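So the chains spell out like this:
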Amino acid sequence: MGETQFLWGVVLIYRTDIGGGYAPPRFSEDVRVVRADSEDAARDVASALGREDEVSYGNAFDEEVTWRFLGIASLQLLQVDEPEAGVTLLSRSFDSLNRYRDLFEADDLPEEPQDHP
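The rules behind the values
Residues numbered from 1 in each chain as written. Predicted model: local features only at pLDDT ≥ 70, side-chain atom pairs only at ≥ 80, totals over all residues. Heavy atoms only, no water. Pairing = 2+ DSSP bridges. Helix = DSSP H or I, 4+ residues; strand = E, 2+ residues; numbered from the N terminus. Salt bridge = Lys/Arg side-chain N within 4 Å of Asp/Glu carboxyl O. Buried < 20%, exposed > 50% of the residue type's maximum accessible area, 1.4 Å probe, protein only. Phe/Tyr/Trp six-rings, centres within 6.5 Å; stacked < 30°, edge-to-face > 60°. Axes fitted to C-alpha atoms, helices over the stretch in contact; angles between N-to-C directions. Contact = heavy atoms within 4.5 Å.

**Focus: the pairing of strand β4 (residues 64-77)**
- Note: strand β1 (residues 6-18) against β4, eleven bridges, orientation antiparallel. Bridging from a neighbouring strand, Gly 9 pairs with Gln 76 of β4.
- Relative to β4, strand β3 (residues 55-58) runs antiparallel, the two sharing four bridges. Bridge pairing in β4 places Val 55 opposite Trp 67.
- Counting the residues in the hairpin turn of β3 and β4 gives five residues, including Asp 62, whose phi is positive at 60 degrees.

Right under this line is the structure:
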């Protein structure tokens, strides 16, 4: 492994299903840091991590709970050699603060200004 390895920030997306048909699927994201020498290698490492997280088990109500890896939502080369407290790992932009607030139940964020174009 003679090549330099870099740190990459990845966002992995999962789906959780509960057997019985009464609960809709839930979706989640994990933000991870992986080490790899290229974007393709980082994607491979991240995908392997996601697949390793897949699991099915029976809950207390004898229903099957299934966690399934759906894919990588974001992959970015980190601009640090070793992360430390306070450093920005990932940065993403979005077009609606209100949709973001609703999706992530981020009620502490301000309302989106109505005067945007």
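**Section: unusual backbone geometry**
- Here Asp 62, not a glycine, exhibits a phi torsion of approximately 60 degrees, which is positive.
- The residue Asp 62 is located in the loop between β3 and β4 in this model.

**Side note on the pattern of salt bridges**
- Enumeration over the complete set of coordinates arrives at four salt bridges.
- For the salt bridge of Arg 15 with Asp 17, the shortest nitrogen-to-oxygen distance reads 2.9 Å.
- Classification of Arg 15 as partly exposed rests on a relative accessible area of 24%.
- Accessibility expressed as a relative area gives 23% for Asp 17, which makes it partly exposed.
- Arg 32 is the salt-bridge partner of Asp 53, the closest N and O atoms lying 2.5 Å from each other. Of the two residues, Asp 53 sits in helix α1 (residues 39-53) while Arg 32 sits in strand β2 (residues 26-36), which places them 21 residues apart along the sequence.
- You can call Asp 53 partly exposed: its relative accessible area is 29%.

**With respect to the packing of aromatic side chains**
- Here the structure, examined in full by the defined rule, presents two aromatic pairs.
- When the centroid spacing of 6.4 Å and the interplanar angle of 65 degrees are considered together, the rings of Tyr 14 and Trp 67 count as edge-to-face. Taken together, the positions of Tyr 14 in strand β1 and Trp 67 in strand β4 put the pair 53 residues apart, joining distant regions of the chain.
- Considering the side-chain rings of Tyr 14 and Phe 69, the 5.8 Å spacing of their centres and the 55 degrees angle between planes classify their relative orientation as tilted. One end of the pair, Tyr 14, is in strand β1; the other, Phe 69, is in strand β4, and 55 residues separate them in sequence. Note on accessibility: Tyr 14 and Phe 69 belong to one class, buried.
- These aromatic residues form a ring-pair network of at least three members: Tyr 14, Trp 67 and Phe 69.

**Points about the sheet that holds β2**
- Pairing is antiparallel in the open sheet, where four strands are placed in the order β2-β1-β4-β3. Every other strand in the sheet has two partners, leaving β2 and β3 as the edge strands with one partner each. Neighbouring strand axes in the sheet, compared pairwise and without regard to direction, differ in orientation by 25 degrees on average.
- Relative to β2, β1 is paired through eleven bridges, and the arrangement is antiparallel. Opposite Leu 12, over in β2, you have Asp 30 as the bridge partner.
- Most of the contacts of α1 go to β4, to which it runs at about 165 degrees, and overall it touches β1, β2, β3 and β4.

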